[in-house]
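Structural description and commentary
Spelled out, the chains give:
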Amino acid sequence: MNPLTCIITDDEPLAVRLLESFVTKTPDLQLLGSYTDSVEAIAAVKEKQPNLLFLDIQMPDINGMELAHMVPQETRIIFTTAFQEYAFESYEVSALDFLLKPIRYGKFLAAVEKARQWFGLTAAAEAATSAENTQQQGTTETQPTAQTVFLKVDGEYRQVAFSDILYVSGMKDYVMFYTEGERKPLITHMTMKAAEELLPASLFMRVNRSYIVALNKIRSVDRNDCLYIGNEIIRVTDAYKEAFAQYMQTKTCN
């Protein structure tokens, strides 16, 4: 995997220098620029397209939360702030991590490792899809190929077929993949948003803030919009009911 690239944005010069020193001593992490002005920062992000943006929240002109909505999807955000109350809101904009000032190098390194994992999983999923497409284009009689994703579990990468996944559950910055034939879930360090982006929308659907389900694993749906999958009962909450109802219309004979 190529080195991760990053940009630092913080209106405090001391905070910028600290993060720069962390980047310098972190292997395979390349700094593309540091900015104390949020307007200059967003222009640089769009031009240089870094993998990571270390972003302060309390900034003049455009604050970090506002800026986060302008960042291209390819750039993942790690917030750096002295205000813990923003932690929950940070996950609403798909932040990879939230570092509370004063930031220690160990916490910084853990956030970078989480980013490596996220980009590694994304690359693995893209490679699997590309390989399948190439195989299908090169043969006249296409054989079905199981699509897979690599999950980092207990320090090693596990290859999991999409067809084996029953549902996915999220808790803070961990995601649990429940699969057929496994008594315990595969626990990996990522956000639910990242998991949602990794799983094919044709096979999986998010039905509430904490659950993504494999559509072909749903045994039944009751009148209260509860889904029965494996040994779990998962409720479709209001924010996701319309999309799920549209899916059900395509699968239901009236």
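Residues numbered from 1 in each chain as written. Predicted model: local features only at pLDDT ≥ 70, side-chain atom pairs only at ≥ 80, totals over all residues. Heavy atoms only, no water.

**Things to note about unusual backbone geometry**
Put simply, K101 and P102 share a cis peptide bond, and its omega is 0°. In this fold, P102 is placed in the loop between β5 (97-100) and α5 (105-137). Phi is positive for D28, which is not a glycine, with a value near 55°. Along the chain, the position of D28 falls in the loop between α1 (13-24) and β2 (29-35). (Helix = DSSP H or I, 4+ residues; strand = E, 2+ residues; numbered from the N terminus.)

**Observations concerning the nonpolar core**
Core analysis: the largest hydrophobic core is formed by 39 residues, its most contacted members being L52, F54, F108 and F177. Element by element, the count of residues in this core is highest for α5, at 6 residues. When residues no more than four places from it in sequence are discounted, the contact partners of L52 are L4, T5, C6, I7, L29, T75, R76, I78, L96, A115 and F119. Counting residues in each nonpolar core, the second largest holds 19 residues, with I7, V45, M59 and I77 among its members. (Core = buried A, V, L, I, M, F, W, Y, C linked by side-chain atoms within 4.5 Å. Buried < 20%, exposed > 50% of the residue type's maximum accessible area, 1.4 Å probe, protein only. Contact = heavy atoms within 4.5 Å.)

**Describing the side chain of S38**
Mapped onto the elements of the fold, S38 is located in helix α2 (residues 38-48). Judged by its relative accessible area of 1%, S38 falls in the buried class.

**Let's talk about the sheet that holds strand β11 (residues 204-208)**
Strand order across the open sheet formed by 5 strands is β10-β9-β8-β12-β11, with antiparallel pairing between neighbours. The sheet is open, and its two borders are formed by β10 (186-189) and β11, each paired with just one other strand. This sheet shows a mean twist of 20° between the axes of neighbouring strands, independent of strand direction. (Pairing = 2+ DSSP bridges. Axes fitted to C-alpha atoms, helices over the stretch in contact; angles between N-to-C directions.)

**Quick notes on α1**
With 12 residues, α1 should cover 16 Å at 1.5 Å per step; its first-to-last C-alpha distance of 16 Å lies within 8% of that length. Of all the positions in α1, only A15, V16, L19, F22 and V23 are classed as buried. Take α1 and look down its axis: the buried residues cluster within an arc of 120°, on one side only. Among the exposed residues of α1, those pointing more than 90 degrees away from its buried face are L14 and T24. (Expected span 1.5 Å × (residues − 1). Arc of directions from axis to C-beta.)

**Some words on the side chain of K114**
Structurally, K114 can be placed in helix α5. Judged by relative accessible area, which is 2%, K114 ranks as buried. Separated by 3.4 Å, the side chains of K114 and D97 make a polar contact. Excluding anything up to four places from it in sequence, K114 contacts L96, D97, D173 and H189. (Polar contact = N/O pair within 3.5 Å; in protein donor to acceptor, adjacent residues only side chain to side chain.)

So, to be careful, I would describe these as geometric facts and stop short of saying anything about function.
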